[in-house]
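# Overview (structure and organization)
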Amino acid sequence: MVKTYLRYVKDSCFGVIASGNSNSVYNEEGTHIITPSLEDTKVWNIRTGLETACWHDVDNKAEVTSILRSPNKDDYAVGYSDGSIRIWRYSTNSLIITFNGHKSAVTALAFNNTGSYLASGSRDTDLIVWDVISEQGLYRLKGHKDQITGLKFLNLNGANHLISVSKDTLLKLWDLTTQHCIETLIGHRSEIWGLDVNKDETLIVTGALDQELKFWDIDTETLITGLDKLEMDAETESLKKAIKYRGSIARASKERVGTLKFHPSGRFLGCQGADRNIELFKVQSEEEIKKKIARRKRRQREKNKKSKGGKAEEKPVEENEKPTFADEIVPLTLIKASSKIKSFDFKTALNKDGSFNIMAALSNNSIEIYTSGLQSADQPTVQNAVIDLHGHRSDIRTLALSSDDEMLLSGSNNSIKIWNIHTKQCIRTLDSGYALCSAFVPGNKHVIVGTKTGQLEIYDISSSSLIESIDAHDGAIWSLQIRPDKKGFVTGSADKDVKFWDFQLVEDEKTGVRRLSAIHMRTLRMSDDVLCVRYSQNQKLIAISLLDSTVKVFYHDTLKFFLSLYGHKLPVLSMDISSDNTLIATASADKSIKLWGLDFGDCHKSIFAHQDSIMQCQFVWGTHYLFTVSKDKLVKYWDCDKFENIQKLEGHHSEVWALAVGKYGNFVVTGSHDRSIRIWKRTEEPLFLEEERDKEYEQMYNENAINDEERNNLPIGSGVENENGETMETDTQEVASAGKKTMETLKAGETILEAIEIYEDEKGKMEEYEQLKKITPGGNVPRPARNPYILALHIPDITPEEYVLREIKSIKSSELEEALLVLPFSKVVMLFESIAFWIEKELEIKLACRILFFLLKVHQNQLTATKTMMVTLNRIKAATKKNIQKQKNIIGFNLEALKQLKEEYDLERSAEFFDTEEPEETVTKKRKHIVVSQ
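Report on the accompanying structure.

Basis of the calculations
- Residues numbered from 1 in each chain as written.
- Predicted model: local features only at pLDDT ≥ 70, side-chain atom pairs only at ≥ 80, totals over all residues.
- Heavy atoms only, no water.
- Axes fitted to C-alpha atoms, helices over the stretch in contact; angles between N-to-C directions.
- Helix = DSSP H or I, 4+ residues; strand = E, 2+ residues; numbered from the N terminus.
- Parallel < 35°, antiparallel > 145°, perpendicular 65-115°, else oblique.
- Contact = heavy atoms within 4.5 Å.
- Nonpolar A, V, L, I, M, F, W, Y, C, P; charged D, E, K, R; others polar.
- Salt bridge = Lys/Arg side-chain N within 4 Å of Asp/Glu carboxyl O.
- Buried < 20%, exposed > 50% of the residue type's maximum accessible area, 1.4 Å probe, protein only.
- Core = buried A, V, L, I, M, F, W, Y, C linked by side-chain atoms within 4.5 Å.
- Polar contact = N/O pair within 3.5 Å; in protein donor to acceptor, adjacent residues only side chain to side chain.
- Pairing = 2+ DSSP bridges.
- Patch = residues over 30% accessible without salt bridge, like charges linked within 9 Å, V, L, I, M, F, W, Y side chains within 5 Å.
- Areas by Shrake-Rupley, 256 points an atom, 1.4 Å probe, with all protein chains shown as cover.
- Lys, Arg positive; Asp, Glu negative; His and termini not counted.
- Charge placed at Lys NZ, Arg CZ, Asp CG, Glu CD.
- Phe/Tyr/Trp six-rings, centres within 6.5 Å; stacked < 30°, edge-to-face > 60°.
- Lys NZ or Arg CZ within 6 Å of the ring centre and 35° of its normal.

## Some details on the packing of helix H5 (residues 743–775) against helix H7 (residues 800–809)
Two quantities define a packed helix pair, namely the angle between the axes and the distance from one axis to the other. At a minimum axis distance of 9 Å, the contact between H5 and H7 shows a crossing angle of 175 degrees. Judged on the interaxial angle alone, H7 and H5 are roughly antiparallel. Along the contact surface, H5 presents Thr-751, Ile-752, Ala-755, Ile-758, Tyr-759, Glu-762 and Lys-763, while H7 presents Pro-800, Glu-801, Tyr-803, Val-804, Glu-807 and Ile-808. Counted by class, the contact of H5 with H7 contains 8 nonpolar, 1 polar and 4 charged residues.

## Brief notes about the pattern of salt bridges
By the definition in use, this model includes 33 salt bridges. Its salt-bridge partner being Lys-261, residue Asp-345 comes within 3.0 Å of it at the nearest N-O pair. Of the two residues, Asp-345 sits in strand S28 (residues 341–346) while Lys-261 sits in strand S24 (residues 257–262), which places them 84 residues apart along the sequence. Asp-345 sits in the buried class, given a relative accessible area of 7%. Residues joined in a network through salt bridges with shared partners are Lys-10, Glu-39, Asp-40 and Arg-678.

## A short note on the nonpolar core
Judged by nonpolar contacts, the single largest core of 39 residues is most densely connected at Ile-808, Leu-820, Leu-831, Ile-835, Trp-838, Ile-851 and Leu-855. At the level of elements, H5, H7, helix H8 (816–820), helix H9 (825–840), helix H10 (845–858) and helix H12 (870–916) are the ones that each hand at least two residues to this core. In terms of residue count, the dominant contributor to this core is H9 (10 residues). Dropping the residues within four chain positions of it, Trp-838 is found in contact with Glu-801, Glu-802, Val-804, Leu-805, Ile-808, Leu-831, Leu-843, Ile-845, Ala-848 and Ile-851. Counting 19 residues, the second-largest nonpolar core is a separate cluster that includes Phe-627, Val-656, Trp-657 and Val-668.

## What about the environment of Ser-676?
By the secondary structure assignment, Ser-676 is in the loop between strand S55 (667–672) and strand S56 (677–687). Look at Ser-676 and you get buried, because its relative accessible area is 0%. For the pair Ser-676 and Ile-396, spaced 280 residues apart in sequence, the C-alpha separation works out to 7.8 Å. Those residues within four positions of Ser-676 in sequence are excluded, and the remaining contacts are Cys-13, Phe-14, Val-16, Leu-38, Ile-396, His-652, Thr-670 and Gly-671. Here Asp-674 takes part through its side chain, which lies 2.6 Å from a polar atom of the side chain of Ser-676.

## Details of the pairing of S28
Burial within S28 is extensive, with 5 of its 6 residues counted as buried. Both S28 and strand S29 (residues 356–362) contribute to a ladder of 5 bridges, which runs antiparallel. Residue pairing for S29: Ile-341 is matched across the bridge by Leu-362.

## Things to note about a positive patch on the surface
Among the surface-exposed residues, Lys-291, Arg-295, Arg-298, Arg-299 and Lys-303 lie close enough to one another that they form a single positively charged patch. Tracing the backbone through its elements, the reader meets Arg-299 in helix H2 (residues 286–306).

## Quick word on the packing of aromatic side chains
On inspection of all chains with the given rule, the structure shows 18 aromatic pairs. With 4.3 Å between their ring centres and 40 degrees between their planes, Phe-268 and Phe-356 make a pair best called tilted. You can see Phe-268 sitting in strand S25 (residues 268–273) and its partner Phe-356 sitting in strand S29, a full 88 residues away along the chain. Three or more aromatic residues link up through ring pairs in this structure, and these residues are Tyr-5, Tyr-8, Tyr-625, Phe-627 and Tyr-637. The side chain of Lys-663 reaches across the aromatic face of Trp-621, ending 4.2 Å from its centre.

## Re the sheet that holds strand S11 (residues 117–122)
The strand order across the open sheet built from 5 strands is S10-S11-S12-S13-S57, with neighbouring strands paired in antiparallel fashion. Two strands bound the open sheet, and with one partner strand each, they are strand S10 (106–111) and strand S57 (735–736). Two elements, strand S12 (residues 127–131) and strand S13 (residues 136–141), share 5 bridges in a ladder whose sense is antiparallel. When the bridges of S13 are listed, Asp-131 appears paired with Gln-136.

Here is the structure:
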């Protein structure tokens, strides 16, 4: 009989406030912050410091790399490391649209001024423009030779342009009407990392690896003028350029630019480098510039007066001095954060006193909020709030569960945190040393932590205080375990000692109150550094792993040597003994786990388990099921009786350091270098090993098939090597389709293919039925049975053409074009017949026309060469012309009606405004009746 197991699935992920591979942004009101949290996006309330929402897509495992707020104030575009883009609605916390087009991480996003179009730039050097309303990709623009780092639309005064910057040092201006690059400027001599455009779209700022910010003027007239109407530039004797270099200002930071952003008001500019500082600049108004020049003239006159009697030369005062670029943008202040800054954002609205709020997402998994631009000369910037409670500042090195599985302890450098397992809320944060191992003391009121410096720290959870710190070892304490009799514990250290401790209540010298302490009982000296110590559940044996790659087993009571387990090529980093005391599992840095019998020390099986060092392993109580975690980012579930891998749990984005298994295996907790804590919950869903292996092979095959097909279809010159291993070079097109072939688009194509085959089958049956009807006397021929798929819809009058339309409508709009490319030409011919039916019957005219025009564009040569298609195409042409004109009339009528409604609304509002204003006579009359009494 086939053995079944129960499946583990991801239950929750917490501990990450803001991951470092993406920017964070304010919401429109400035009350909440939207931050990346590995593959999720989280919303934090600034006032309470609590998480209010989590945007999670179950189909996504890729990390967030870019976030942008839409001009409609409610939608947010989120780019991911696999090249996908998802648009989330803030008010409902729901996913609206998914776009797939890029082959690698999305690094830049930009909305146009209405939010109807979205531009995305990626590490794959491509730039894609998406239509958010119709949920489809419009086109892909190629031209950059390295990662795109910044994008901005230019939409004012009728312009339809896009600016892009890249690590290839180029700044490009794209005309979206003609879909090509019209200007290329060498922006900097090094990689450009930042771009922004001011509110009026007259000034561009760029930042790179160098220590200056460069500014560029935008000539709007030249931008919107056609090429044939452009005038010659008298200075350069060439066509006028839309973008001209204006000037530069120096930065204080020597690091590369991280984020470069104008305040929405246009009055301030912020620049953040790859360090702890945000430099703020003020954009001066014309009046402020005039005052500055006047002050400069006055100071020069005073200097000239003083220098008349001395040797210094007088400098002439220019009465008609023109302002320089340095007068327009001046340094305001410098914000210094507590750690390296990953990104920052301005709050949209200014405060009443003219100051503004700024949010900084730090590399240590925290967020700081500042108010800057204050009138105080001593303190122009103050810190308002910090969001740091619900996450560690560094990677998680140890995890421990309480005996009742209600609380979780996580430890990192400088702090330990106690979490409620059910609510996932942090209930205690305690300062500590560099925690390497930890455990709950029996009773769950205290915790004990072993540190890198050799201290044992005992904490009282209820009072959140350190009770005692014991200098236990001279080296790092790598392992700690509570004795099975709950009366003490054992520690293993890099100083080659294994020490045995007993719990004891002692009287505090200061307060006189009895408190918990640990008394050292005995020491076992080893020949090498101790990496891990484990008791057998009956407390008869103790296993000790050493730096020399061996495991020594001793009797606990006499400390006499019992067994030596050798076979690993690198040190054993973790081990565990099963609850029935028969098996010991050792996990090593050599990427393998070995299973040994504790009776004779024989190796039952050696399994190559992971692709990197295995950091921890632990048995599920009462079974021989084993969990392992590794630096290859995976958690694996094993059957140690059959030596099979039951399940592979993917989710972490960095090395997994720590593992804790619930008492009876109901859940598993893992902690990682990415600062996340993940809980994997056991479900009631059965799992079969054969099915699991088949899924893995199918996934591997599909991924390889897509990659191979993409590689074979790539144009020459796109980096593909030929048979001799040489890179083929030639010019590539500047414009291409926006879609990308994925498993979803292939499945969608198969859905259309199946629907067309059913349509063919139904049509064939009906033709046979009609012929039989003519031949048979009386025409008494039974109707043919309908296809089971059509019958399953329970729509009796549905035609085969309507069934095809229904199936196509079920496909995501953003995946439709790529799905249609899967169809062979023979099926495309059949689809044209369905399209003719849809248009004649006025069914989904917009969708029908979209499919029609795409297929005509793709299969133009084959269609013109197929004479049998002429009848169908002429039929479609006649019906399309008629129905599109009808659609245009409806749209025109609706537009005029909306304009009329707007005019009426404006008139009503203005009338109400004038009616509420009181005449001046009435106001003066009222004032005469006021009596002031003293």
